[in-house]
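Listed here are the chains, written in short residue letters.
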Amino acid sequence: MAETVLSFVLDQLSTFLREEGRLLGGVRQEVQFIRDELEQMRAFLREAEAKEEDAQPTLQQWIKQVRDAAYDTEDILDEFVARFARHRATGFYGSVRRIFSSIKNLRARHRVASEIQSIKSRIKSISEAHQRYQSEYGISAPASNSLSAVNTTTWRYSRDDALLVEEAKLVGIDQPKNRLISELLEGDDHQLKVVSVVGMGGLGKTTLVKRVHEDPEVRRHFPVRAWVTVSQTCDFQYLLKDLIRQLHEEGKKPVPQSIESLNTTGLKKIVKDFLQQAGRYAIVFDDVWDVEFWNTIKFALPESSDGGNRVMLTTRKADVASASCIESLGFVYRMDPLSFEDSWTLFCNKIFKGNSCPGHLMDVAKGILDKCEGLPLAILAISGLLAMKDVNRTEEWEIVRGSLGGELEGTGKLDRVKRILFLSYNDLPWHLKTCLLYTSIYPEDCEIACYQLINLWIAERFVEGREGRSIEDVAWGYLSELVNRSLIQVSKVFYEGIPHECRIHDLLRVIIVSKSREQNMVTITTGQPMMWPSDKVRRLVVHGSSSNSTQHHQQRPNYCFDHLRSFVTVGSADPLLSKTLLSQISRSSKLLKVLDFGGQETQEEIPNEIFKMFHLKHLHLGGTGVERVPKAIGKLQHLEYLYLGYTRVRELPVEILKLQKLRVLRVYQEVDSSDDDYGYHGFKAPSNMGGLLALEVLLHIDASSGSTIVKEIGKLTQLRELGITQLRREDGKELCSCLANLTSLRELSIASIGKGGDREIIDLNHPSLSSSSSFLQSLRMLLLCGRLERMPQWVAHLHGLVRIDLNWSRLRGEEDPLESLQHLPNLVSINFCGSYQGEGLCFKAGGFLMLKGIHLKRMEGLRWMRVEEGALPHLQTLFLQQLPLLEELPLGIQHLSQLQLLCLYEMSSEMIEKVENQKEDSEDYTRIAHIPEIVIGSYTDDGEWRLRQLWEKKKKKT
């Protein structure tokens, strides 16, 4: 939407006027005028866009004009800065250069001033139309932040549809329904209990809770009941009046006439007084959008009763669900999409009236159903559309499958799905809208690397800096908010529950791509013949193509990329196409901020033209064949992010020190690509590396040159992630001294010289340097790769530590690593590889109270393990790998009541035989019968990796 673009550009204009205004000279007032006029139009634009679909072409054209003017303003100012901001030299020669530059650039300055004047004239014309449309369309300005009445009404109708779904059409509801009923009825507590159901729009939260609320057993247990639809734009007084009416009607009492004249406080008192006298109650607040609603309504809900009072909430936002349960005996139920089996049942019930799908439609029907990804409302809408098609004409179904996205943009039966998803999108502030729309760069069904995504947001200037917080923390907050709103789905988590990979629901992605295309935000190509947009290309993304597109390269003319901001390749893009486009972009684009060329293995060097890109902030060349970084890297003085992971670069030039804005520097290569246990090669850095004071991430720096480079690390006090390779034993003391300065460090990786078990000793036991109570107290993850004579004493005091990896430590039997770790209060993950030479490990009672995962690998001397009762109460996964002398499962494994997964990889044949051949009435079997999943992995005689799952154990458990 244009309002999103406009808000973004206005934010950039404000920053520009604050930081670069002195460069503008006589045109500063014009730029200020442009900013002020655009600001006045923003509130009107928000309301206008709510009516855009039903508006006359003239209003739609006006909206496009505003967007284009905003983009062009940004282009002109960026070009202005690129031309003039670099001439800031000092001293005598600097003065001469400035004079020469000012004379040389008089013509260019005049041209920029002329373009700004032209923009000003356009803005004046657009502003006059703005005044006219205000009266013509009856849109007030400034407008409220609420959605238009049209959208609100549509949302109400959609929710009513959900409430009216017949019980016979519901599938997959019995288990969650029974679980929620149990949560409502169990116990005889006297405290208010809140049960929250959270999930994205269209999952069926309302339908599920309605069935629970209407269940006969629930009705018998709670004589006083009410259902209140909150929604996004609720009028709180109206909501309270509605609740009062329902309660009095339920209790067969007259509704007080005074409610029409009472304020909010008076209405809440009536609710509270009624409920205190009425006995047990169960109230549903459906579709709650913010925490503030709960914080306000809870004071009208009394807690005490004979059998417990209950409140149920449905919400799209995880923070609302958790906040409502904090002060009560609460329970949060996260609504999952339907399984494929349940989705298929619902699909067929709607179309074929419960009969089987005809064989000739099976493939196309499953293809269509896949698009719905278990979203009940989407399944009902799509199947409603298909029910109108001729079942004997497969081509009609194929047309639906091929144009599913197009149906979402039309006015057909899928329109209500679109409305529901649009409501969540429209509720976002502009910066989150921009971030969500940016996910259109990723293909359908793509697993998105969260760290990559947030750094792209930062480079694109979508993330607003906040005092006292790092820009990366703010960006993670943006992602968290989108996850809370169920607009982004986390598919994989890293340690401490940090999102590692995420994805976008297919149906939501259709809307995102549509809106992104409207705004000319992203242009995507796969190399196939295509029509390039008439608008200026601003962000070009190359996706992998299933077919060979080389034949089309010669037909492609040289396109103009003068206004390009970003060039990103995603997936296995065609190398010839990517290199051709990169060559064109390098020659013509001076405004590029993002260049992400990751994974293009055929790219062996960095084109020289890239170093002329004054605005470049983000350079990602990970996974390419690049071997060398030229000295010209020093010209990229705005560069903030440089990724050279999995490349052949092993050294950086001294010119890297000119990059004073560099925030992230990742340069490394696997020692052995076939086995990640051997760690990484780092890069040799200039001797005065400590001059890069803005660095927050430094991975992995080669310390083999000695104490000089280690001392430099201590100057980088903003570091949050640090990786060191090739550390010498004699530099351990100096490193401890430096680490004491890094008070913000969250992740630390240290590897000594050598490979595998032949690594040199890491000496980090220096109490005089590490005894401070603040030493590494911010650390969350610690990876040590190298021999240890003993565990560093300070490890036992890392109370914030969540994960520890010890690789090739080869600790002697008397140096049991578990002793130092067992009482760390937040430790959830342990990974040991070749770390211990003792014969046994004992997890003692009362130890590792938060640990959820253990991975033990390559400990050749380990013969036995024991788990005492009361140890590892929350352990969920246990991996045992390449422990050749371990012939028995851990003694006491039956105490691990929360264990969900036991993996035995490349273990002794004796152990595998015992596990596989246990009889169900044997004592050994009963020790592991509670484990839902046991997986055995081994290599066959042909060298192929094979996994076997003990399904009979899992089935018996379920």
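Quick caveat, the model's predicted, so the values are computed rather than measured.

Moving on to the overall build of the protein chain. Helix and strand content of the protein chain: 31 helices and 29 strands. Look at the contacts in the protein chain between residues 6 or more apart in sequence, and 66% of them connect residues 24 or more apart. Accessible surface, the protein chain: about 41500 Å² in total, of which carbon and sulfur atoms supply 48%.

Most of strand β22 (residues 829-833) is tucked away, with 5 of its 5 residues classed as buried. Side chains S829, N831 and C833 project from β22 onto one buried face, and the interleaved I830 and F832 project onto a second face that is buried too.

Next up on the list: the sheet that holds strand β8 (residues 499-503). Taken in spatial order, the 3 strands make up an open sheet running β6-β8-β7, and their pairing is antiparallel. Every other strand in the sheet has two partners, leaving β6 (448-449) and β7 (489-493) as the edge strands with one partner each. In this structure, β6 lies alongside β8, joined through 2 bridges in antiparallel fashion. Its bridge partner lying in β8, A449 is registered against E501.

Turning our eyes to something else, we now look at the sheet that holds strand β1 (residues 193-198). With parallel pairing, 5 strands are arranged side by side in an open sheet as β2-β3-β4-β1-β5. Of all the strands in the sheet, the pair left with one neighbour each is β2 (224-229) and β5 (331-334). For this sheet, the mean angle separating the axes of adjacent strands, direction not counted, is 15 degrees. As defined by bridge partners, β1 adjoins strand β4 (residues 310-315) across 6 bridges and the pair is classed as parallel. Bridging across to β4, V195 finds its partner in M312. Against the sheet, helix α10 (residues 236-250) contacts β2 and β3 (281-288), and its axis sits at roughly 150 degrees relative to β2. Against the sheet, helix α13 (residues 318-326) makes contact with β1, β3, β4 and β5, and its axis sits at roughly 170 degrees relative to β1, the strand it touches most.

Attention shifts here to the nonpolar core. Among the nonpolar cores identified, the biggest contains 113 residues, and F567, M689 and L722 are the most heavily contacted of them. If sequence neighbours within four positions are ignored, L722 has contacts with L698, L699, I701, I713, L739, L742, L745, E747, L748 and S749. Among the nonpolar cores identified, the runner-up in size contains 97 residues, and A365, W397, F422 and L437 belong to it.

A few words on the confidence of the model for the protein chain. Looking at the protein chain as a whole, the pLDDT averages 81, with 82% of positions reaching at least 70. Low pLDDT, under 50, characterises residues 546-557; the stretch is placed with 21 contacts to residues that sit more than four places away or in other chains. Below a pLDDT of 50 lies the segment residues 951-958, which in the model reaches 10 contacts outside its immediate sequence neighbourhood of four places, other chains included.

A few words on the environment of I912. Within the fold, I912 resides in helix α29 (residues 909-916). Note: C-alpha distance between I912 and E888 (24 residues apart in sequence) is 9.0 Å. I912 has contacts with L904, M907, I936 and R948, leaving out every residue within four places of it along the chain.

Below, the discussion takes up a nonpolar patch on the surface. A cluster of nonpolar side chains, namely Y939, W945 and L947, defines an oily patch on the protein surface of about 330 Å² accessible area. Following the sequence through the fold, Y939 ends up in strand β28 (residues 933-939).

This part covers helix α23 (residues 506-518). For α23, spanning 13 residues, the distance from its first C-alpha to its last is 18 Å, which sits close to the expected 18 Å at 1.5 Å a residue. For α23, a buried count of 10 out of 13 residues is recorded, marking the element as mostly surrounded by other parts of the structure. Among the residues of α23, those classed as buried are D506, L507, L508, R509, I511, I512, V513, S514, K515 and S516. Two residues or fewer past α23, N520 is found with a positive phi of approximately 55 degrees.

Each pair of aromatic rings is reported with the distance of its centres and the angle of its planes. Applying the stated criterion across every chain, the model contains 16 aromatic pairs. Ring geometry for F236 against F293: centres 5.9 Å apart, planes inclined by 75 degrees, an arrangement best described as edge-to-face. Highlighted residues: F236 in helix α10 and F293 in helix α12 (residues 291-297), separated in sequence by 57 residues. Each member of the pair F236 and F293 is classed as buried. Note on Y646 and Y680: the rings are 6.3 Å apart at their centroids and 75 degrees apart in plane angle, and the pair reads as edge-to-face. Residue Y646 is located in the loop between β14 (641-645) and β15 (664-670), and its partner Y680 is located in strand β16 (residues 680-681); the two are separated by 34 residues in the primary sequence. An aromatic cluster of at least three residues, connected via ring pairs, comprises Y641, Y643, Y646, Y668 and Y680. The residue whose ring lies beneath K210 is W227, and the NZ or CZ to ring-centre distance is 4.6 Å. Stacked on the ring of Y678, the Lys or Arg K755 has its end atom at 4.7 Å from the ring centre.

Our focus in this paragraph is the environment of E460. Its location among the elements puts E460 in the loop between α21 (450-459) and α22 (471-484). Taking the C-alpha atoms as reference, E460 lies 10.0 Å from T434; in sequence the two are 26 residues apart. In terms of polar contacts, E460 uses its side chain to reach the side chain of S566, at 2.3 Å.

Definitions and cut-offs
- Residues numbered from 1 in each chain as written.
- Predicted model: local features only at pLDDT ≥ 70, side-chain atom pairs only at ≥ 80, totals over all residues.
- Heavy atoms only, no water.
- Helix = DSSP H or I, 4+ residues; strand = E, 2+ residues; numbered from the N terminus.
- Contact = heavy atoms within 4.5 Å.
- Areas by Shrake-Rupley, 256 points an atom, 1.4 Å probe, with all protein chains shown as cover.
- Buried < 20%, exposed > 50% of the residue type's maximum accessible area, 1.4 Å probe, protein only.
- Pairing = 2+ DSSP bridges.
- Axes fitted to C-alpha atoms, helices over the stretch in contact; angles between N-to-C directions.
- Core = buried A, V, L, I, M, F, W, Y, C linked by side-chain atoms within 4.5 Å.
- pLDDT = per-residue confidence, 0-100.
- Patch = residues over 30% accessible without salt bridge, like charges linked within 9 Å, V, L, I, M, F, W, Y side chains within 5 Å.
- Salt bridge = Lys/Arg side-chain N within 4 Å of Asp/Glu carboxyl O.
- Expected span 1.5 Å × (residues − 1).
- Phe/Tyr/Trp six-rings, centres within 6.5 Å; stacked < 30°, edge-to-face > 60°.
- Lys NZ or Arg CZ within 6 Å of the ring centre and 35° of its normal.
- Polar contact = N/O pair within 3.5 Å; in protein donor to acceptor, adjacent residues only side chain to side chain.

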